[in-house]
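Examination of the molecular architecture
Residue-level listing of the chains:
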Amino acid sequence: MKNLRLKSARAAMDLSQQQLAELVGVSRQTINAIEKGNYNPTINLCIAIAKALGKTLDELFWE
Amino acid sequence: MDMAYWFLFFVLLTIAILIISIKIKICRGDYDERQEALHGKGYKSGFFAILVFFVLYISASAGYEKLHEYGFLAIVAGIFLGCSVASLYFIMHDTFFAVKQKPAAYLILTVILAVFNLIPPVEDFIRGVNSYDFISGHRLISLLCGVMFLVFTGALITKMLGSRREAEE
């Protein structure tokens, strides 16, 4: 399932996938895979993304 | 110098280059968690490709004895096949390159390797070397290696174009 909340949170901060990827230390393709719902990140990566976007885990990843 | 000494020299040189490149982190990149998870599947697919190839080769050579002559060639072809399957899996799943590696630099390398390996067999084709000399002169190995790098080049270009399109979305 696509993670549109992550995509919109990233867009709201005016960040590209590449910029978010650099902030959390992963490849751009990994951010793309998470947004498309093709990859389930570990809790560590979820926390890193949530911190980078200034959101909580619930806001970004809770169904 | 005897050929065996040259062989030993090149084996030691290759090992030294590998150790140095790993120490200064040329070969060992930093992969993220998704890439590391997919590496296992890629290696497994390469391993099973080799396994299936050798089972087929052994089955075929049991019925057709002339194939025994090409044992060395079959080993090399099996290794190339395994490497190709694993590498293509990595390239198509964006796990070949570490987070900070640039595919464009490696694209140049694959093109050079493809060209260098394809020149000798193409030369032989032009000169009209017969098929037995072609195989026994290891030109077929060059051809296989060249084709392998050509396929890598094609896969890299496809992925780079796809990646650029994704990033623009």
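Residues numbered from 1 in each chain as written. Chains lettered and ligands numbered in written order. Predicted model: local features only at pLDDT ≥ 70, side-chain atom pairs only at ≥ 80, totals over all residues.

**Structural notes on the overall build of chain A**
- Along the backbone of chain A there are five helices and zero strands.
- Walking chain A from its N terminus toward its C terminus, one meets helices and strands in the order α-α-α-α-α.
- The globule rule puts the C-alpha radius of gyration for 63 residues at 11 Å, and the 10 Å found for chain A is close to it.
- With the C-alpha coordinates aligned to their principal axes, the bounding extent of chain A is approximately 25 × 20 × 20 Å.
- With 63 residues in all, chain A has 30% of them scored as buried. (Helix = DSSP H or I, 4+ residues; strand = E, 2+ residues; numbered from the N terminus. Rg over C-alpha atoms; globule rule 2.2 N^0.38 Å. Buried ≥ 20, exposed ≤ 12 C-beta atoms within 10 Å, placed from the backbone.)

**Description of the environment of S21(B)**
Residue and element names in this part refer to chain B.
- Along the chain, the position of S21 falls in helix 1 (residues 3–23).
- S21 gets classed as exposed once you count the C-beta atoms within 10 Å, which come to 12.
- Each C-alpha atom of the pair S21 and S142 lies 25 Å from the other, and the pair is 121 residues apart in sequence.

**Structural notes on unusual backbone geometry**
- The backbone phi angle of D14(A) is positive, close to 60°, even though this residue is not glycine.
- Take D14(A): it is sitting in the loop between helix 1 (4–12) and helix 2 (17–24).
- By the C-beta count within 10 Å, which is 7 here, D14(A) ends up exposed.
- The phi dihedral of D94(B) is positive, around 55°, even though this residue is not glycine.
- Relative to the elements of secondary structure, D94(B) occurs in the loop between helix 3 (71–92) and helix 4 (103–127).

**Overview of the confidence of the model for chain B**
- When pLDDT is averaged across chain B, the result is 86; 92% of the residues are at 70 or more.
- Of all secondary-structure elements in chain B, the lowest mean pLDDT belongs to helix 5 (residues 131–136) of chain B, at 69, while helix 2 (residues 33–63) of chain B reaches the highest, 93. (pLDDT = per-residue confidence, 0-100.)

**Things to note about the packing of helix 4 of chain B against helix 6 (residues 139–168) of chain B**
Residues and elements named next belong to chain B.
- As a packed pair, helix 4 and helix 6 sit with axes 7 Å apart at the nearest point and diverge in direction by 150°. Viewed along their axes, helix 4 and helix 6 adopt a mutual orientation that is roughly antiparallel. By crossing handedness, the relation of helix 4 to helix 6 is classed as left-handed. Between helix 4 and helix 6, the residues in contact are P103, Y106, L107, T110, V111, L113, A114, N117, L118, P120, P121 and D124 and R139, S142, L143, C145, G146, F149, L150, F152, T153, L156, I157 and M160, respectively.
- A per-class count over the contact of helix 4 with helix 6 returns 17 nonpolar, five polar and two charged. (Axes fitted to C-alpha atoms, helices over the stretch in contact; angles between N-to-C directions. Parallel < 35°, antiparallel > 145°, perpendicular 65-115°, else oblique. Left-handed = near helix turned anticlockwise from the far one by under 90°. Contact = placed C-beta atoms within 7 Å. Nonpolar A, V, L, I, M, F, W, Y, C, P; charged D, E, K, R; others polar.)

**As for the nonpolar core**
- Formed by 13 residues in total, the largest nonpolar core has its most connected members in Y89(B), F90(B), I91(B) and F152(B).
- Among the elements that make up this core, the one with the highest residue count is helix 3 of chain B (six residues).
- There are two domains that each give this core at least three residues, and those are domain 2 (31–95) and domain 3 (102–169) of chain B.
- If we ignore the near neighbours within four places in the chain, the residues touching F90(B) are G42(B), T95(B) and F96(B).
- Core analysis: the next-biggest nonpolar cluster, separate from the first, contains 11 residues, A21(A), I31(A), I34(A) and L45(A) among them. (Core = buried A, V, L, I, M, F, W, Y, C linked by C-beta atoms within 7 Å. Domains from an automatic or database assignment.)

**Things to note about helix 3 (residues 28–36) of chain A**
- Three or more residues of helix 3 of chain A are buried, namely Q29(A), T30(A), I31(A), N32(A) and I34(A).
- Taken together, the buried residues of helix 3 of chain A touch helix 1 and helix 2 of chain A together with helix 2 and helix 6 of chain B.

**Description of the environment of L144(B)**
Residue and element names in this part refer to chain B.
- Mapped onto the secondary structure, L144 falls in helix 6.
- Residue class for L144 comes out partly exposed when judged on the 19 C-beta atoms lying within 10 Å of it.
- Separated by 64 residues in the primary sequence, L144 and F80 have C-alpha atoms spaced 7.6 Å apart.
- Residues within four places of L144 in sequence aside, it is in contact with A77 and F80.

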